[in-house]
Amino acid sequence: MILINYPDKSQWADILKRPVMNTESLFDTVRTVIGRVKAEGDRAVLDYEEQFDKVRLQALAVSAAELDEAEALISPELKDAIRLAKANIETFHAAQRFEGRKVETQPGVTCWQKAVPIEKVGLYIPGGTAPLFSTVLMLAVPAKIAGCGEIVLCTPPGRDGKVHPAVLFAARVAGVDRIFKAGGIQAVAAMAYGTESVPRVYKIFGPGNQYVTAAKQLVSLRDVAIDMPAGPSEVEVLADATANPAFVAADLLSQAEHGVDSQAVLVTISEALQQAVKAEVERQLALLSRKEIAARSLENSKLILVRDMDEALALTNAYAPEHLIVETADYLSVAARVVNAGSVFLGSLSPESAGDYASGTNHTLPTNGYARAYSGVSLDSFIRKITFQEITPEGIRRIGPAIETMAANEHLDAHKNAVTLRLAAIKQES
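Note that the structure is predicted; figures quoted are calculated from it, not measured. (Residues numbered from 1 in each chain as written. Predicted model: local features only at pLDDT ≥ 70, side-chain atom pairs only at ≥ 80, totals over all residues. Heavy atoms only, no water.)

**Quick look at the overall build of the protein chain**
Check the secondary structure of the protein chain and you find 17 helices and 14 strands. In terms of overall dimensions, the protein chain has C-alpha extents of about 85 × 60 × 45 Å along its principal axes. For the protein chain, the share of sequence-separated contacts (at least 6 apart) that also reach a separation of at least 24 residues comes to 76%. For the protein chain, the centre of its 43 positive side-chain charges and the centre of its 52 negative side-chain charges are spaced 6 Å apart. (Helix = DSSP H or I, 4+ residues; strand = E, 2+ residues; numbered from the N terminus. Contact = heavy atoms within 4.5 Å. Lys, Arg positive; Asp, Glu negative; His and termini not counted. Charge placed at Lys NZ, Arg CZ, Asp CG, Glu CD.)

In structure tokens form, the structure reads like this:
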């Protein structure tokens, strides 16, 4: 990891750069795949599965027999862990239910909102080096609570033509309606436009590699909504001299093992901690099964020493990390000053892993500094809010003249006339 001591504020922008992922360079390839899936449906998806995932499939849909087989393959311990995580995620997200109330903005003018679920949602679950069955829970559980009518999941199969059993079990537990063996660009295109097998959805959720990211960006331009902009995953640990260096190193490495383009950052006011964490990272790295991936990720990662907590917080809010772990003596008062972060973990016993799996919060979060403007996935991600208004004769008399004046000054005569006619009719009736 790169050690940086007392950087000047003018250096922050360079220090806090993420690993570059230029998805625009992939757009030509992505457009080609999307265009063929739109035109040829299942046939194109099956062909691309053979080309990209090296598997020849007879059908895209996962059968009930495959779901039963997967459940039989899962250990009781993992089943219990998945069910516990599902229950906690359900509890946390159920508490986010929207309760609209009617507001009388003027006598006779009543306005309110109603929460309506998105009818059809698509969940993308990556394959690759780790089966992300936890992400199935993070996306499907709130979709189910929201009341989405159809929850579709796409995930790439292995070369044996099967989906990882933990992914299938999590999907069944969480209430996914239909599961398809499709990965990458072709999966995103299938959900965005529909095929003979895969239903068209109205919003697509889920992480993926740079091709999936580029595909989501392109289909979202005019055809389907997506959860949020996405980039490589990241963590920052904000710590003082009281932090446990072994814990901090473990937190940094748990992020680093996600992928070679992940980033882990320590911001501390203690030089002794900085040095101890560096040594602990090297010691723990050697013990990891994914140490090659983590080691490459650490090339993008930094141990930053600053002068005081004010500077540490300013640097943190400038970085806007996806995950922020606050390991300081007064972590509650420090956390109160955090304004840019996706998800915050407080104290020495709250590792990022808790949010990744089983505390109940969602792990689908804004990366690449988007935490300045975006929230992570929540129950709100799966609903729309429709506004209603009801105006009585008294109400239109009260606000009508203001509407007429404003419309006239915007030179929108038809807008003005829509009110003028009603005011005249009310006057005539009375």
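More follows now that the structure is in view.
**Some points on the sheet that holds strand 12 (residues 323–327)**
Judged by pairing direction, the sheet is parallel, and its 6 strands sit side by side in the order 1-11-10-9-12-13 without closing on themselves. Only two strands of the sheet have a single neighbouring strand rather than two, namely strand 1 (2–5) and strand 13 (343–346). Neighbour to neighbour, the strand axes of the sheet diverge by 15° on average, direction disregarded. Pairing of strand 1 with strand 11 (residues 302–305) involves 4 bridges; the strand directions are parallel. Opposite Ile4, over in strand 11, you have Ile304 as the bridge partner. (Pairing = 2+ DSSP bridges. Axes fitted to C-alpha atoms, helices over the stretch in contact; angles between N-to-C directions.)

**Let's talk about the sheet that holds strand 2 (residues 103–106)**
An order of 2-3-14 is seen for the 3 strands of this open sheet, with the pairing classed as antiparallel. Pairing within the sheet leaves two strands with one partner each, and these edge strands are strand 2 and strand 14 (383–391). Taken pair by pair, the neighbouring strands of this sheet meet at an average axis angle of 30°, ignoring direction. In this sheet, strand 14 lies alongside strand 3 (residues 109–117) in antiparallel orientation, the contact comprising 9 bridges. Counted as the bridge partner of Cys111 is Gln389 from strand 14. Against the sheet, helix 16 (residues 393–409) contacts strand 2, strand 3 and strand 14, and its axis sits at roughly 95° relative to strand 14.

**A few points about the pairing of strand 6 (residues 178–181)**
Bridge count between strand 5 (residues 150–155) and strand 6: 4 bridges; the pairing is parallel. Looking at strand 6, one finds that Thr155 is bridged to Lys181. In this fold, strand 5 hands off to helix 7 (residues 165–174), which returns the chain to strand 6; that crossover is right-handed. (Right-handed = clockwise from strand over helix to strand, strands pointing away.)

**So, the packing of helix 8 (residues 184–193) against helix 9 (residues 210–219)**
Where helix 8 contacts helix 9, the axes come no closer than 8 Å and their chain directions differ by 25°. Considering the angle they form, helix 8 stands roughly parallel to helix 9. The element helix 8 and its partner helix 9 pack so that their crossing is right-handed. Contacts between helix 8 and helix 9 involve Gly184, Ile185, Val188, Ala192 and Tyr193 from the former and Tyr211, Val212, Ala215, Lys216 and Val219 from the latter. When its residues are assigned to classes, the contact of helix 8 with helix 9 shows 8 nonpolar, 1 polar and 1 charged. (Parallel < 35°, antiparallel > 145°, perpendicular 65-115°, else oblique. Left-handed = near helix turned anticlockwise from the far one by under 90°. Nonpolar A, V, L, I, M, F, W, Y, C, P; charged D, E, K, R; others polar.)

**Some points on the nonpolar core**
In terms of nonpolar packing, the biggest core is built from 40 residues, with Val121, Leu123 and Val176 touching the most fellow members. Every element with two or more residues in this core is listed here: helix 4 (64–73), helix 5 (76–94), strand 4 (120–124), helix 6 (133–146), strand 5 and helix 7. With sequence-adjacent residues up to four places away left out, Leu123 is seen in contact with Leu139, Ala140, Ile151, Val152, Leu153, Cys154, Val176, Met191 and Phe205. In this structure, Leu26, Leu57, Leu60 and Val201 belong to the second largest nonpolar core, which totals 35 residues. (Core = buried A, V, L, I, M, F, W, Y, C linked by side-chain atoms within 4.5 Å. Buried < 20%, exposed > 50% of the residue type's maximum accessible area, 1.4 Å probe, protein only.)

**Considering helix 3 (residues 42–52)**
Every buried residue of helix 3 is listed here: Asp42, Ala44, Val45, Leu46, Tyr48 and Glu49. Along its buried surface, helix 3 packs onto helix 2 (27–40), strand 6 and helix 8. Once helix 3 finishes, Lys54 follows within two positions and takes phi at roughly 60°, a positive value.

**As for the packing of aromatic side chains**
Inspection of every chain in the model, using the stated rule, returns 4 aromatic pairs. Seen in terms of ring centroids, Tyr48 and Phe52 are 5.5 Å apart; in terms of plane orientation they differ by 5°. Their pairing is stacked. Of the two residues, Tyr48 and Phe52 are both situated in helix 3; the distance of 4 residues between them amounts to about one turn of the helix. Residue Tyr48 is classed as buried on the basis of its relative accessible area of 6%. (Phe/Tyr/Trp six-rings, centres within 6.5 Å; stacked < 30°, edge-to-face > 60°.)

**Things to note about the pattern of salt bridges**
Tallying each qualifying case throughout the model produces 21 salt bridges. For Arg337, the salt bridge is made with Asp310, and the minimal N-O distance between the two is 2.6 Å. Taken together, the positions of Arg337 in the loop between helix 14 (331–335) and strand 13 and Asp310 in helix 13 (residues 309–319) put the pair 27 residues apart, joining distant regions of the chain. With relative accessibility at 42%, the residue Arg337 sits in the partly exposed group. Bridged by salt links that share partners, the residues Arg36, Glu40, Arg43 and Asp47 form one connected network. (Salt bridge = Lys/Arg side-chain N within 4 Å of Asp/Glu carboxyl O.)

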